[in-house]
Amino acid sequence: MSMETITHSSEETRWLGARIGSLLRAGDVVSLSGDLGAGKTVFAKGVATALGVRDDVVSPTFTLVREYSGVSVSFVHIDVYRLDRFQELHDVGFDELVSGSTVTLVEWGDRISALLPVERLDVTLQFGEADDDRMVSITPAGNTWAVRCDALATVLHRDGPAFGTKAAQ
Ligand code: ADP
Ligand code: MG
């Protein structure tokens, strides 16, 4: 099942990231997909805020990975846009990162989905009709998300803009 919502500004996307971030805990992996400028990094900043990261979150496009301290969990922010070879991921300790006790968020995660755990939250951002509209699709997978689906729907409803769910086709 995936859940759909729409945001109308970068602030709304950041807020959406924060609301979803409030549900995240150690070991979670979030895969973010969508074209350049879709708002993946904006969403990541919201997640970081919810985890209590105080440092400014900057795009890890050139560093591949950045790690931040949150209140009770570390936040690992990965961007595989410029990745040439999977080996680079292994070199930065990717396997330990995604299987560890951090919250890990991967921009362009669809490009390496085979390397990501099945147990994860997929978030896809697409450009909408107006310049600042973004259609956001959220797909939880695995047992730990099965038990959090209601909570996910609740945070999406709360103060949220238009929202709906659709069963997987
Ligand atoms: P990505 O990481 O997907 O390449 P960024 O988050 O870096 O994208 O950039 C998104 C850009 O789009 C920012 O300049 C942001 O201000 C702008 N923007 C406009 N509307 C939105 C929206 N609804 N959600 C997210 N970003 C938006
Ligand atoms: Mg980005």
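Scroll up to find the structure this text is about.
Now for a quick tour of the structure. (Residues numbered from 1 in each chain as written. Chains lettered and ligands numbered in written order. Predicted model: local features only at pLDDT ≥ 70, side-chain atom pairs only at ≥ 80, totals over all residues. Heavy atoms only, no water.)

Notes on the site of ligand 1
Inspection of the region around ligand 1 gives 16 residues, with Thr13, Gly37, Lys40, Thr41 and Asp132 positioned closest. The contact in question runs from a nitrogen atom of ligand 1 to an N or O atom on the side chain of Thr7, over 3.2 Å. Between ligand 1 and Gly39, the relevant distance is 3.0 Å, taken from an oxygen atom to a main-chain nitrogen or oxygen of the residue. Calculation on ligand 1 without its partners gives an accessible area of 570 Å², and the protein chains cover 74% of this total. Residue assignment for the shell around ligand 1 shows that the elements contributing at least two residues are helix 1 (10-21) and helix 2 (40-50). (Near = heavy atom within 4 Å. Polar contact = N/O pair within 3.5 Å; in protein donor to acceptor, adjacent residues only side chain to side chain. Areas by Shrake-Rupley, 256 points an atom, 1.4 Å probe, with all protein chains shown as cover. Helix = DSSP H or I, 4+ residues; strand = E, 2+ residues; numbered from the N terminus.)

Topic: the packing of helix 1 against helix 2
Two elements in contact, helix 1 and helix 2, have axes whose closest approach is 7 Å; the angle formed by their N-to-C orientations is 45 degrees. Here helix 2 runs oblique to helix 1, going by the angle between their axes. In the packing of helix 1 onto helix 2, the handedness of the crossing is right-handed. Contacts from Ser10, Thr13, Arg14, Leu16, Gly17, Ala18, Ile20 and Gly21 in helix 1 reach Val42, Phe43, Lys45, Gly46, Val47, Thr49 and Ala50 in helix 2. Of the residues that constitute the contact of helix 1 with helix 2, the class distribution is seven nonpolar, six polar and two charged. (Axes fitted to C-alpha atoms, helices over the stretch in contact; angles between N-to-C directions. Parallel < 35°, antiparallel > 145°, perpendicular 65-115°, else oblique. Left-handed = near helix turned anticlockwise from the far one by under 90°. Contact = heavy atoms within 4.5 Å. Nonpolar A, V, L, I, M, F, W, Y, C, P; charged D, E, K, R; others polar.)

What about the coordination of the magnesium ion (ligand 2)?
Within the protein, the magnesium ion (ligand 2) binds to Thr41 (OG1) and Glu107 (OE); these donor distances fall in the range 2.1 to 2.2 Å. Taken together, the residues span a long stretch of sequence, with Thr41 in helix 2 and Glu107 in strand 5 (residues 103-107) at a distance of 66 residues. (Donors = N, O, S within 2.8 Å, 3.2 Å for Na, K, Ca; no water.)

It is worth stressing that arrangement in space is one thing and function is another; only the former is reported here.
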